[in-house]
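A closer look at the structure
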Amino acid sequence: SSRYGSAWNRNSRRFRAMVRPPRVGRPLRPLSVIACITGAVLAVLAGRAFCLSTSPSVPKGRRGILGAIAGAVLAPRWAWAEENPLPPPVVKDLERAAPKIQAGVDWFYFELLPGIEKEDLGQCRKALGSSAEGSYVSPLDSEITFPFNQLASANIEADEDGWTEDIRNFQKAVTAMSDSVGSNDWKTVKAEFKKGKDALNHIMSNINQRAEGAAPFQLMDDDYPARQGAYVQGKKDMMRSRNQQATLLGR
């Protein structure tokens, strides 16, 4: 009976093993998925960097390898810019429009932003172009919106390039700021200023990447406050020139 009992136990264990449900692996955690994707991307970039580093034109050593990796990362952007140059009509208009637009961006950054930071109602209304402050057409319109619309009209792919949406988003932000300033809603004003800033930076960055030679625009980044000295001096020179013209006309 013991022999039959032991055989029965062995058969029972085998039967349970046969009907036991298969083990299911634990689902991957989000961090594991991100790590896998990051590893795959780095592997591709490392492969491209290795191919570049083996080229005779690439210097050897650590600097050469780091330079090859940087080239592997930035090569897609350069290739995209070469394959998508600015249309000739845009290039022609950009020579005249770029300085005007940059002056409008200076007004946006050095006139409107300080008023927002100080929550100065009068300064903001003047910068935005309020008739109550004696300013009917703001440089935000005459030196940013109008010139950008002209560039967009010369670009048949303005919609696909995102220019049309950027200009529209900037205009919406300016309108929202004008409405919010009147109601002293400074939280909304600051949020809309950031939206307008992002829209301008996006379209200017797109043009910079596709332009030949030096970039036509300086983006509103951490280095932009360094332009303030030149901007203030330009305002003084303009005022001096206007005063001289008025004096000559009065004679």
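In this report, we go over the structure that sits alongside the text. (Residues numbered from 1 in each chain as written. Predicted model: local features only at pLDDT ≥ 70, side-chain atom pairs only at ≥ 80, totals over all residues. Heavy atoms only, no water.)

Turning our eyes to something else, we now look at empty space enclosed by the protein. If you walk through the whole model with that rule in mind, you get one cavity of 30 Å³ or more. In this structure, the largest cavity spans a volume of roughly 30 Å³. Lining the largest cavity are Ile144, Thr145, Phe148, Asp166, Ile167, Phe170, Ala199, Leu200 and Ile203. Elements represented by at least two residues in the lining of the largest cavity include exactly helix 6 (139-153), helix 8 (163-182) and helix 9 (186-210). (1 Å grid on protein atoms, 1.4 Å probe; cavity = no way out; pocket = protein on both sides within 12 Å on 5 of 7 lines; lining within 4 Å. Points joined across faces, edges and corners; volume = space filled by probe spheres on them. Helix = DSSP H or I, 4+ residues; strand = E, 2+ residues; numbered from the N terminus.)

With that out of the way, let us pick up the packing of aromatic side chains. Within a pair of aromatic rings, the relevant descriptors are the distance that separates the centres and the angle that separates the planes. Applying the stated criterion across every chain yields a total of seven aromatic pairs. Taking the centre distance of 5.2 Å and the plane angle of 80 degrees together, the rings of Tyr109 and Phe110 count as edge-to-face. Tyr109 gets classed as buried once you look at its relative accessible area, which sits at 14%. On the basis of relative accessibility, which here comes to 8%, the residue Phe110 falls in the buried class. One aromatic cluster in this structure is built from Tyr109, Phe110, Tyr224 and Tyr231. (Phe/Tyr/Trp six-rings, centres within 6.5 Å; stacked < 30°, edge-to-face > 60°. Buried < 20%, exposed > 50% of the residue type's maximum accessible area, 1.4 Å probe, protein only.)

Right, let's talk about the pattern of salt bridges for a bit. Applying the stated rule across the entire model yields seven salt bridges. Between Asp106 and Arg227 there is a salt bridge, and its shortest N-O distance comes to 2.8 Å. With Asp106 in helix 4 (residues 88-118) and Arg227 in the loop between helix 9 and helix 10 (228-250), this pair connects stretches of sequence that are 121 residues apart. Taking relative accessible area as the criterion, Arg227 reaches 24% and is therefore assigned partly exposed. A salt bridge links Glu111 to Lys235; its shortest N-O distance comes to 2.7 Å. Linking Glu111 in helix 4 with Lys235 in helix 10, this pair joins segments that are 124 residues apart in sequence. Here Glu111 falls in the buried class, since its relative accessible area comes to 13%. (Salt bridge = Lys/Arg side-chain N within 4 Å of Asp/Glu carboxyl O.)

Despite not being glycine, Glu119 has its phi angle at roughly 55 degrees, a positive value. When you line up the elements, Glu119 lands in the loop between helix 4 and helix 5 (121-128). Relative accessible area serves as the criterion here: at 41%, Glu119 is assigned to the partly exposed category.

You can see Asp161 is positioned in helix 7 (residues 158-161). A residue is classified by how much of its surface remains accessible, and Asp161, at 15% relative accessible area, is buried. With residues near it in sequence (within four places) discarded, Asp161 still touches Asn155, Asn206 and Arg210. (Contact = heavy atoms within 4.5 Å.)

Moving on, we get to helix 5. Among the residues of helix 5, those classed as buried are Gln123, Cys124, Ala127 and Leu128. Each buried residue of helix 5 lies within a common arc of 125 degrees when the element is viewed along its axis, so the set occupies one face. In this fold, the buried residues of helix 5 make contact with helix 4, helix 6, helix 8 and helix 9. Taken from the residues just after helix 5, Gly129 is the one with a positive phi, measuring 95 degrees. (Arc of directions from axis to C-beta.)

Here we take up the packing of helix 4 against helix 6. For the pair helix 4 and helix 6, interaxial distance at closest approach is 8 Å and the crossing angle is 150 degrees. As summarised for this structure, helix 4 and helix 6 are arranged roughly antiparallel, according to the angle between their axes. Crossing handedness for the pair helix 4 and helix 6: left-handed. Classifying every residue of the contact of helix 4 with helix 6 gives 15 nonpolar, three polar and four charged. (Axes fitted to C-alpha atoms, helices over the stretch in contact; angles between N-to-C directions. Parallel < 35°, antiparallel > 145°, perpendicular 65-115°, else oblique. Left-handed = near helix turned anticlockwise from the far one by under 90°. Nonpolar A, V, L, I, M, F, W, Y, C, P; charged D, E, K, R; others polar.)

Before going further, it helps to examine the layout of surface pockets. Once rolled over the atoms, a probe with the size of a water molecule shows which space is left empty. Reported here for the largest pocket is a volume of approximately 440 Å³. In terms of lining residues, the largest pocket is bounded by Ala103, Asp106, Trp107, Pro139, Glu143, Tyr231, Gly234, Lys235, Lys236, Met238, Met239 and Arg242. When residues of the lining of the largest pocket are traced back to their parent elements, those giving at least two are helix 4, helix 6 and helix 10. Sort the elements by how many residues they give to the lining of the largest pocket and helix 10 lands first, with seven residues. Class assignment for the residues of the lining of the largest pocket results in six nonpolar, one polar and five charged. Space inside the second largest pocket adds up to approximately 160 Å³. No other element matches the three residues that helix 4 contributes to the lining of the second largest pocket. Looking at the lining of the second largest pocket, its residues break down into seven nonpolar, no polar and three charged.

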